[in-house]
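One letter stands for each residue in the lines below.
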Amino acid sequence: MKNIKPAFTATFLLLCALALSFYAVGFGPTGASAESNTVKPPKEAKRNKGEKISEMLRERATKGDDEIVQIILQLNAPPTGRLKALLQRNGIRVKDEFKEFNSTVVELPASVVAELSQFDEVEFISLDREVHLFGHVEKTTGTAYMRTLSGNSGFKGKDVNIAILDSGIDKDHHQIGGKIDAQIDFTGEGRVDDVYGHGTHVANLAAGLDHVSHGAYTGVAPDARVINLRVLNSQGVGAVSNVLKALNWLLAPADPTKPLGDKNYQKYKIRVVNLSLGAPAVDSYKDDPLCQAARRLVNSGIVVVAAAGNDGTDATGRKIYGRIHAPGNDPAVITVGASNTFGTDSRADDGVTTYSSRGPTRSYRTVSGVRYYDNIIKPDLIAPGNKLISAESRGNRLIAGYPQLECTPNSNSNHKMMRMSGTSMATPLVSGAASLLLQANPKLTPNLVKMILMYTAQPLAGYNMLEQGAGELNVEGAMRLAKLVRTDLSNSTPLGTPLLITTTLPNPYSMIEGYTFPWAQGILLNRGYATGVNLITRYQRIYDLGVALGDGVAIGDGFAIGDGVAIGDGVAIGDNVLTSTGVAIGDGQIFFLGMSLASGVAIGDGVAIGDGILFSDGVAIGDGVAIGDSGPIWALSVLVGGDGTDGMSAVQEDGTVQ
Ligand SMILES: [Ca+2]
């Protein structure tokens with residue numbers, strides 16, 4: 001949206017974009033006629049009543065959709081008594097009247113539109129569309145496009161709420177402040193606002209409204225409510241115990257006098273927990289308390305999304321592997337790295353940021369004096385995280401220290417926006433996506449959500465699995481697949497049961513902002529990966545509640561087919577780390593030979609692997625990161641510059657781009 005100035009133009013472009021979208025996916029609006037080369041219809045031609053309904057509205061009108069819509073009703077004569085009576089019916093509200101134009105603004109169920117079109121005095125019925133500018137985040141993740149598809153306009157995360165464990169949220173910020181359902185301080189500072197300036201930015205990326213700048217900064221799930229669990233203090237630092245306390249609160253009874261009653265996460269309809277923070281991962285996930293707590297939440301059906309970390313390079317700029325933070329090192333959580341969109345909505349030019357932490361996880365357990373590294377392939381996927389613009393909490397420390405992050409000079413202090421970079425920014429985009437998937441299909445287990453996100457991700461050519469996981473977040477593809485998954489699956493569903501409600505497979509390609517790309521069509525499984533269409537056509541044991549996706553799958557016997565216990569036939573297992581060629585996950589080139597992660601061979605710190613050097617997450621390598629597992633946790637996004645490329649454009653309140 002770089003060159004768009006007035007909001008009016010934005011609307012126009014949006015409408016064009018919608019029209020193109022319909023065209024591109026090959027289903028025209030209902031009743032679309034053949035093309036004609038003449039400019040005007042012949043005089044005797046009269047349009048039928050249905051053609052008086054705008055094409056933007058026609059499909060919903062004819063489907064009998066009961067969703068309330070706001071329409072502009074244009075008349076060619078004064079309304080008859082019958083029409084007046086209709087407009088006074090229950091559930092129908094005349095909101096405004098423009099006598100000069102013979103037009104009226106009416107709120108009504110979409111199903112009434114067809115009836116309205118039968119009146120002779122009705123000239124045309126169209127949607128009263130909001131002046132709304134799809135922002136960069138919505139567009140490049142495919143969220144905006146997804147919502148233009150049939151039946152999807154309501155998928156905004158309603159009743160699938162997100163707990164934000166962070167530095168607090170500014171309740172006065174108009175993008176996000178009105179959406180906070182609960183706010184609790186776990187830092188001991190006795191405040192829930194966002195003095196540091198991190199949590200407000202994060203929360204808005206997940207669930208922000210379209211209030212500022214005509215919607216340029218809308219989050220992925222704008223109807224999801226947020227729960228502000230403040231675990232980072234005014235300096236952006238907290239103790240691991242703060243996070244544990246907040247995670248414990250989620251699972252604790254909402255009413256302490258009713259221990260068997262609803263837990264807090266149930267009371268507040270929280271299905272997603274966002275952790276844009278982390279601590280060095282030293283102890284194996286089997287021992288680390290953050291990982292253990294995160295896994296308990298996942299086992300309760302909550303999706304836990306965690307940042308990979310921002311340690312992709314050392315102080316001298318060398319590329320580093322092995323620095324995934326906790327709890328991102330746990331196989332049960334969805335770990336998110338940061339991609340770089342280069343400021344363009346098209347994904348053709350996207351890459352992995354230099355700073356995004358790479359796998360494998362280097363946390364370990366010592367047994368009889370020998371270190372056994374977890375060596376799990378992470379992150380699970382990447383999402384845009386470079387130079388994202390989002391809500392700025394009032395007078396925060398980050399903006400005070402780095403005024404160059406400001407994007408909205410002189411604006412209303414409740415509308416301010418700032419630019420930040422990091423895996424902390426990428427993480428809430430995935431949390432928002434998880435909220436959308438769970439709204440579309442509330443029965444998905446966290447493992448199914450994770451599978452769907454990976455399976456539909458876009459593998460970026462030239463990047464390996466330790467950098468990008470399965471690939472870049474693709475909300476359009478993920479929603480398409482999620483809607484096809486049966487809603488009657490459970491831990492007692494037999495292995496191999498059909499997973500989808502259809503035998504027609506989804507087309508494993510997505511087109512976002514004019515660029516078509518294949519899905520990963522596979523998933524990561526701890527030290528290897530799995531491919532095969534049976535991952536989405538058959539129920540697999542690894543989708544159960546109470547396990548992690550990689551649990552029970554032995555990897556390391558070379559190329560094998562599903563073991564028949566955790567994974568059924570028809571799924572191929574690979575144990576190499578591959579560099580993607582931009583197509584399906586198993587089609588890449590082997591990234592490093594002779595050191596399969598699955599082999600269990602210890603790889604030492606400081607060893608060159610592939611194009612970088614391997615370092616354990618807990619080892620200090622000159623960038624000031626402390627050693628130790630009981631130390632503090634950080635807000636991970638305090639990357640002031642990010643990668644030095646173009647970022648998201650700053651759209652001002654009047655629609656101009658600066
Ligand atoms: Ca791009």
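Predicted model only: the values in this text are computed from it and were never measured.

**Q** I'm lost on the overall build of the protein in this one. Help?
**A** The helix and strand tally for the protein stands at 16 helices and 30 strands. Counting only residues that meet the buried cut, the protein has 52% of its 658 residues in that class. Put simply, 76% of the contacts in the protein that link residues at least 6 apart link residues at least 24 apart.

**Q** Help me out: how do you make sense of the nonpolar core in this one?
**A** Looking at soluble globular proteins, one finds that nonpolar side chains tend to be buried together. In terms of nonpolar packing, the biggest core is built from 146 residues, with Val304, Val305, Val430, Ala433, Leu437, Leu453 and Ile523 touching the most fellow members. Residue contacts for Val430: discarding those within four places in its chain leaves Val305, Ile334, Val336, Leu381, Ala383, Leu453 and Leu473.

**Q** Would you explain the pairing of strand E1 (residues 68–75) in this entry?
**A** The side chains of a regular strand alternate, first on one face of the sheet and then on the other. Taken together, the seven bridges between E1 and strand E3 (residues 103–109) define a ladder with antiparallel strand orientation. Across the sheet, residue Leu73 finds its bridge partner in E3, namely Thr104.

**Q** Please clarify how the sheet that holds E3 should be interpreted in this entry.
**A** Strands belonging to one sheet form pairs held by backbone hydrogen bonds; the direction of such a pair is parallel or antiparallel. Across the sheet, which stays open at both edges, the four strands sit in the order E2-E3-E1-E4 with antiparallel pairing between neighbours. Among the strands making up the open sheet, the edge pair consists of strand E2 (93–98) and strand E4 (122–127). Taking each pair of neighbouring strands and ignoring which way they run, the sheet shows an average axis angle of 25°.

**Q** What is the right way to read unusual backbone geometry from this model?
**A** Look at the link from Ala326 to Pro327: it is a cis peptide, with omega at 5°. Within the element layout of this structure, Pro327 appears in the loop between strand E12 (320–321) and strand E13 (334–340). Note that the residue after Gly359, namely Pro360, is joined by a cis bond; omega there is 0°. Positive phi is not limited to glycine here, since Ser368 has a value of about 50°. In this fold, Ser368 is placed in the loop between strand E15 (364–367) and strand E16 (370–373).

**Q** Before we go on, may I ask you to explain the environment of Leu398 in this structure?
**A** On the secondary structure map, Leu398 appears in helix H11 (residues 397–401). Placed 163 residues apart in sequence, Leu398 and Gln235 show a C-alpha to C-alpha distance of 9.1 Å.

**Q** Explain helix H13 (residues 446–455) to me, please; I cannot follow it from the model alone.
**A** One turn of an α-helix holds 3.6 residues; hence residues three or four places apart share an orientation. Buried residues dominate H13, accounting for 10 of its 10 residues. Along H13, the residues that are buried comprise Pro446, Asn447, Leu448, Val449, Lys450, Met451, Ile452, Leu453, Met454 and Tyr455.

**Q** Would you mind going over the confidence of the model for the protein with me for this structure?
**A** The predicted coordinates of low-pLDDT regions are not to be read in fine detail. For the protein, the mean per-residue pLDDT works out to 85, and 86% of the residues sit at or above 70. Confidence drops under a pLDDT of 50 for residues 1–37, and excluding neighbours within four residues, the segment shows 45 contacts in the predicted structure. Between residues 622–631, whose pLDDT stays under 50, and residues either more than four places distant or in other chains, the model counts 20 contacts.

**Q** Hey, could you run me through helix H15 (residues 475–482) in this one?
**A** Of all the eight residues making up H15, eight are buried; the element is thus mostly covered by neighbouring parts of the structure. Buried within H15 we find Val475, Glu476, Gly477, Ala478, Met479, Arg480, Leu481 and Ala482. Contacts made by the buried residues of H15 are with helix H6 (143–148), helix H12 (423–440), H13, strand E20 (509–512) and helix H16 (534–537).

**Q** Looking at this structure, how should I read the packing of H12 against H15?
**A** For any two helices packed against each other, the geometry is given by the interaxial angle and the distance between the axes. Between H12 and H15, whose axes approach to 9 Å, the crossing angle comes to 25°. Of the possible angle classes, the one that applies to H12 and H15 is roughly parallel. In the crossing of H12 with H15, the sense of the turn from one axis to the other is right-handed. Here Ala433, Leu436, Leu437 and Ala440 of H12 come into contact with H15, specifically with Val475, Ala478, Met479 and Ala482. Residue composition of the contact of H12 with H15, by class: eight nonpolar, no polar and no charged.

**Q** Quick question: what am I supposed to make of the sheet that holds strand E29 (residues 612–614) here?
**A** Read across the sheet, three strands follow the order E12-E29-E28 without closing on themselves; strand pairing throughout is mixed. Two strands lie at the open edges of the sheet, namely E12 and strand E28 (608–609), each paired on one side alone. Here two bridges tie E12 to E29, and the two strands are oriented parallel to one another. Across the sheet, residue Ile320 finds its bridge partner in E29, namely Ile613.

**Q** Can you help me understand the packing of helix H8 (residues 240–251) against helix H10 (residues 289–299) in this one?
**A** At their nearest, the axes of H8 and H10 sit 10 Å apart, and the two run at 15° to each other. By the angle between their directions, the pair H8 and H10 is classed as roughly parallel. Two packed elements cross with a definite hand, and for H8 against H10 that hand is left-handed. Between H8 and H10, the residues in contact are Val240, Val243, Leu244, Leu247, Leu250 and Leu251 and Pro289, Leu290, Ala293, Arg296 and Leu297, respectively. Tallied by class, residues from the contact of H8 with H10 come to 10 nonpolar, no polar and one charged.

**Q** Would you take a moment to explain the pairing of strand E11 (residues 303–307) for this structure?
**A** Within E11, five of the five residues are buried, leaving the element largely enclosed by the surrounding structure. Where burial is concerned, the two faces of E11 agree: the one with Val303, Val305 and Ala307 and the one with Val304 and Ala306 are both buried. Of the pairings in the sheet, the one linking strand E9 (residues 270–275) to E11 comprises four bridges and is parallel in character. Residue pairing across strands places Leu275 opposite Ala306, the latter belonging to E11. Pairing of E11 with E13, which is carried by three bridges, proceeds in the parallel orientation. Looking across to E13, one finds that Ala306 is bridged to Thr335.

**Q** What should I look at first to understand the environment of Ala426 in this one?
**A** Within the secondary structure, Ala426 sits in helix H12. You can call Ala426 buried: it has 31 C-beta atoms within 10 Å. For the pair Ala426 and Asn386, spaced 40 residues apart in sequence, the C-alpha separation works out to 8.1 Å. Contact partners of Ala426, with chain neighbours within four places excluded, come to Val336, Gly337, Ala338, Ser339, Ile382, Ala383, Pro384 and Gly385.

**Q** It is not clear to me how the environment of Arg271 should be interpreted in this structure. Could you clarify?
**A** Note on placement: Arg271 falls in strand E9. With 27 C-beta atoms counted inside 10 Å, the residue Arg271 sits in the buried group. Residues Arg271 and Pro446, spaced 175 residues apart in sequence, show a C-alpha to C-alpha distance of 9.1 Å. Setting aside chain neighbours within four positions, we find Arg271 in contact with Val160, Asn161, Ile302, Val303, Ser435 and Leu438.

What counts, and at which threshold
Residues numbered from 1 in each chain as written. Predicted model: local features only at pLDDT ≥ 70, side-chain atom pairs only at ≥ 80, totals over all residues. Helix = DSSP H or I, 4+ residues; strand = E, 2+ residues; numbered from the N terminus. Buried ≥ 20, exposed ≤ 12 C-beta atoms within 10 Å, placed from the backbone. Contact = placed C-beta atoms within 7 Å. Core = buried A, V, L, I, M, F, W, Y, C linked by C-beta atoms within 7 Å. Pairing = 2+ DSSP bridges. Axes fitted to C-alpha atoms, helices over the stretch in contact; angles between N-to-C directions. pLDDT = per-residue confidence, 0-100. Parallel < 35°, antiparallel > 145°, perpendicular 65-115°, else oblique. Left-handed = near helix turned anticlockwise from the far one by under 90°. Nonpolar A, V, L, I, M, F, W, Y, C, P; charged D, E, K, R; others polar.

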